[in-house]
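# Tertiary structure, described
Below, each chain spelled out in residue letters.
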Amino acid sequence: MKMANESFTSRLIININDLLRVHRVEKQRVEFKASWNTGGTSFQILHSITAFGNDFLNDNGGYIIIGIEDEPSEDGQVQVCGVPSQDLDNIQRQINGLCKGNIKPPYYPILSPEIYNEKHVLVIWATASENGPHECRKSDRGEFQFYIRRGPQTLMASPGERTQLLLQHNKTPFDDRMAGHIVQSRKYLFNPITEIYLVIQSTQEHIQCNPREIHSIFLGQARPNLACRGLGIETIT
């Protein structure tokens, strides 16, 4: 069993304390869930993962934090419920399994267990996708729908918003795409504290970057290699 004071290898490029402080009022890029279950909560989270991946408003994705109450306390402090340490591995497996079966084209967020105020929380980091737009089932065995973020809410896209999503991603719907098509694009890494972007020319299948460059961009974040691995990026020295 993991103890609350045990350190984790974070997959985030921002400290959990800074994340909660920076995004306390920036609710369009963060969502809090007090707990996880495989019922209604799971599909609410899947819809938000899909919406952040679709990045309709060009916010560069967002975060869902499990184990935090949605509303702060009366004195404005973050209310931490925590996630039982023995459940962390199982929750991550369930999230990945649900993403595999309910989001198309396939999209997987970055999952990072963290410790805040001596309690375990799970951060779901859904970066802006290069392979979208994505659809997610409305419910178990339900129809596939496009989801977007509008302010602090995750909503089904209207027909007009669906068209705009397709134009933004400059692609035909997933079911109509030809197999093996590779889209040339750029990868944007973003530090919410310094608000500095690092742009990496890439394809959807392969990304390369120099970890020293990432370290110089993400000021104070001394984990350049982890930042690369967390995003599925191959580092080169």
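Scoring rules and cut-offs
Residues numbered from 1 in each chain as written. Predicted model: local features only at pLDDT ≥ 70, side-chain atom pairs only at ≥ 80, totals over all residues. Heavy atoms only, no water. 1 Å grid on protein atoms, 1.4 Å probe; cavity = no way out; pocket = protein on both sides within 12 Å on 5 of 7 lines; lining within 4 Å. Points joined across faces, edges and corners; volume = space filled by probe spheres on them. Nonpolar A, V, L, I, M, F, W, Y, C, P; charged D, E, K, R; others polar. Pairing = 2+ DSSP bridges. Helix = DSSP H or I, 4+ residues; strand = E, 2+ residues; numbered from the N terminus. Contact = heavy atoms within 4.5 Å. Axes fitted to C-alpha atoms, helices over the stretch in contact; angles between N-to-C directions. Buried < 20%, exposed > 50% of the residue type's maximum accessible area, 1.4 Å probe, protein only. Salt bridge = Lys/Arg side-chain N within 4 Å of Asp/Glu carboxyl O. Core = buried A, V, L, I, M, F, W, Y, C linked by side-chain atoms within 4.5 Å.

As annotated in an unreviewed UniProt entry, the protein carries the name Schlafen AlbA-2 domain-containing protein and comes from Stylophora pistillata.

## Here we look at empty space enclosed by the protein
Per the stated rule, a full pass over the model turns up two cavities of 30 Å³ or more. Each pocket or cavity is described by its volume, and for the largest cavity that value is around 60 Å³. Every residue along the wall of the largest cavity is listed here: Q28, A51, F52, D55, F56, L57, D59, G61 and R149. Counted by class, the lining of the largest cavity contains four nonpolar, two polar and three charged residues.

## Looking at the sheet that holds strand β3 (residues 103-104)
As summarised here, the arrangement of the four strands in space is β3-β6-β7-β8, forming an open sheet in which the pairing is antiparallel. Where the open sheet ends on each side, the last strands, each with one partner, are β3 and β8 (153-156). Here helix α2 (residues 40-54) sits on the sheet and contacts β3, β6 (135-137), β7 (144-150) and β8; the angle it forms with β7, its principal contact strand, is near 70°.

## Some thoughts on the environment of E118
Relative to the assigned elements, E118 resides in the loop between β4 (110-116) and β5 (119-126). Classification of E118 by relative accessible area gives exposed; the value is 67%. With 38 residues separating them in the primary sequence, E118 and V80 have C-alpha atoms 9.5 Å apart.

## Some words on the pattern of salt bridges
The final tally for this structure, using the stated rule, is two salt bridges. The partner of E31 in a salt bridge is R149, with the nearest N and O atoms 2.6 Å apart. With a gap of 118 residues between them, E31 in strand β1 (residues 30-33) and R149 in strand β7 connect regions that are remote in the sequence. Residues E31 and R149 agree in their burial class; the two are buried. Put simply, E161 and R150 hold a salt bridge, and the shortest N to O gap is 2.4 Å. With E161 in helix α4 (residues 159-169) and R150 in strand β7, this residue pair connects regions lying 11 residues apart in the sequence. The class for R150 is partly exposed, based on a relative accessible area of 39%.

## Remarks on the nonpolar core
Ranked by size, the top nonpolar core spans 23 residues in total, and within it L46, I49, I66, I95 and I124 carry the most contacts. Secondary structure elements with two or more residues in this core: α2, β2 (62-66), α3 (88-102) and β5. The dominant element in this core, judged by the number of residues it contributes, is α2, at six residues. Aside from chain neighbours lying at most four places away, what touches L46 is L98, C99, N102, I103 and C136.

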